Amino acid sequence: MKIIRAEHLGMCFGVRDAIALAVQTARERPLTVLGDLVHNETVLAELRARGVQFQTETPAVTTATVMITAHGASERRHAEVRARGLHLLEATCPLVHLAHRAVARLVAEGYHPVIIGQRQHVEVRGLTEDLAEFDVVLSEADVAALRERPRYGIAAQTTQPIERVRELVAALRRRFPQAEVRLVDTVCQPTKQRQHAAVELAQRSDVVVVIGGAHSNNTRELVDTCGRHCARVHHVQTAADLRAEWFAGAETVGLTAGTSTPDEVIAGVEQHLHTLATLPALELHAR
Ligand code: SF4
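Procedures and definitions
- Residues numbered from 1 in each chain as written.
- Predicted model: local features only at pLDDT ≥ 70, side-chain atom pairs only at ≥ 80, totals over all residues.
- Heavy atoms only, no water.
- Phe/Tyr/Trp six-rings, centres within 6.5 Å; stacked < 30°, edge-to-face > 60°.
- Helix = DSSP H or I, 4+ residues; strand = E, 2+ residues; numbered from the N terminus.
- Buried < 20%, exposed > 50% of the residue type's maximum accessible area, 1.4 Å probe, protein only.
- Pairing = 2+ DSSP bridges.
- Axes fitted to C-alpha atoms, helices over the stretch in contact; angles between N-to-C directions.
- Salt bridge = Lys/Arg side-chain N within 4 Å of Asp/Glu carboxyl O.

Trainee: Got a minute to help me understand the packing of aromatic side chains in this structure?
Mentor: Each aromatic ring pair is described using two quantities: the centre-to-centre distance and the angle formed by the ring planes. Evaluated as defined, the whole model comprises two aromatic pairs. Relative to Phe 176, the ring of Tyr 152 lies with its centre 5.3 Å away and its plane at 25°, an arrangement referred to as stacked. Linking Tyr 152 in strand S8 (residues 151-156) with Phe 176 in the loop between helix H7 (162-175) and strand S9 (180-183), this pair joins segments that are 24 residues apart in sequence. The pair formed by Tyr 152 and Phe 176 is uniform in burial state, with each residue classed as buried.

Quick look at the structure:
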C-alpha cells in the first residue's frame, strides 16, 4: 500500500500566524479569543491548556486583552470591544481583509451584496454584520429565492470551492438576465491550491483520508471534492479514527488535510497509515 500526500495540504499561513500570536500573547498576559480561532479541537485544547479563554460574545470577556480570529470580524464587533476599553489584538488573515474590502467596494459602487458561503460561519457574519442589506447563498435554491435587483455584487467566503462560486454566479445570471452581475473572486489562494491538489490526489488514489476538525468547513469541502473523484473517502480528526478495514485491497492511499489541521496530527495519521501498510491483506480485512 502506497501512501501519497496532496501537493498542498494542512494549515494555511493565516491560521498559523493567528495561533502563533495567541500562544505568544498567552505567555505574556491573560487572553480571550473571540470565537473559534480554528475549527480544530486538538489545537483548541492545546490553547486552553496554555490558559487561553474562548468566548463568542464580547460581554462575556473577563480578560483585558481580546483577540479577533483569522476569520475576521465586523466593524460593529470591533467597536464593541473598543467600547469596553479592552485591548484588541487583530489576527484577521490578510486575505479575509481583502474580502471585507471587496464587499465594501461593491456596496459603495451601488451593487446589492451577495455572499456565497455559510450564513452562520464566523467569517460570513463578519462580512455581513455591518451591511444594511445583503443576501447569503450556498445553493441554486438560495439563488432562486433572491429578490430581483438591478445590480448584484458577489463575493465569497474565502474557503468556498471556486467551482461552486462559478456555478452560483452562472445561476444568478440565468435567473436575472437583465441584472448586472459582478463577481469579485475572494476565495483565497491556499483554499484553491488545496482544492486543486485534492482533485489530483483523489483521481490517483483508491482510498482518500481527509484530516480535519469535525466542524471545519474547508475540511468538509475537501471531503466532498475528493468524493467526486474517488469512491472511498474517509474523514478523520486524528490517527485514532483510522479503521484498518477501510484500506483492504487499496494500492494507493491519498492523504490531505484542512487548513486548520496541525502538522503533528497529519504526521500522526501518516505514521499510522504506514503501520497499516505493513499488515498482511488478510489482517486488514479481519480488523
Ligand atoms: S483559509 Fe485562506 S483566508 Fe482563511 S485564514 Fe487561511 S489563508 Fe486566510
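From this point, things continue past the structure.
Trainee: I would appreciate a short explanation of the sheet that holds S8 in the present structure.
Mentor: Across a sheet, strands are paired by hydrogen bonds formed along the backbone, either parallel or antiparallel in direction. Read from one edge to the other, the open sheet built from four strands follows the order S7-S6-S8-S9, with strand pairing classed as parallel. The open sheet is flanked by strand S7 (135-137) and S9, the only strands paired with a single partner. Across the sheet, the mean angle separating the axes of adjacent strands is 25° when strand polarity is ignored. Two strands pair when backbone bridges link them, and strand S6 (residues 112-116) and S8 are joined in this way by five bridges, in the parallel orientation.

Trainee: Whenever I open this one, the pattern of salt bridges confuses me. Can you help?
Mentor: Pairing between side chains of opposite charge can happen when the charged atoms of each approach one another. In the structure shown here, the tally under the stated rule is 13 salt bridges. A salt bridge links Glu 28 to Arg 29, with the shortest nitrogen-to-oxygen separation between them at 3.4 Å. Taking relative accessible area as the criterion, Glu 28 reaches 54% and is therefore assigned exposed. Judged by relative accessible area, which is 30%, Arg 29 ranks as partly exposed. Across the salt bridge formed by Arg 77 and Glu 80, the nearest N and O atoms sit 4.0 Å from each other. Residue Arg 77 and its partner Glu 80 are located together in helix H3 (residues 75-83), separated by three residues, close to a single helical turn. Among the residues examined, Arg 77 registers a relative accessible area of 12% and is labelled buried. Put simply, Glu 57, Arg 77 and Glu 80 are held in one network by salt bridges that share partners.

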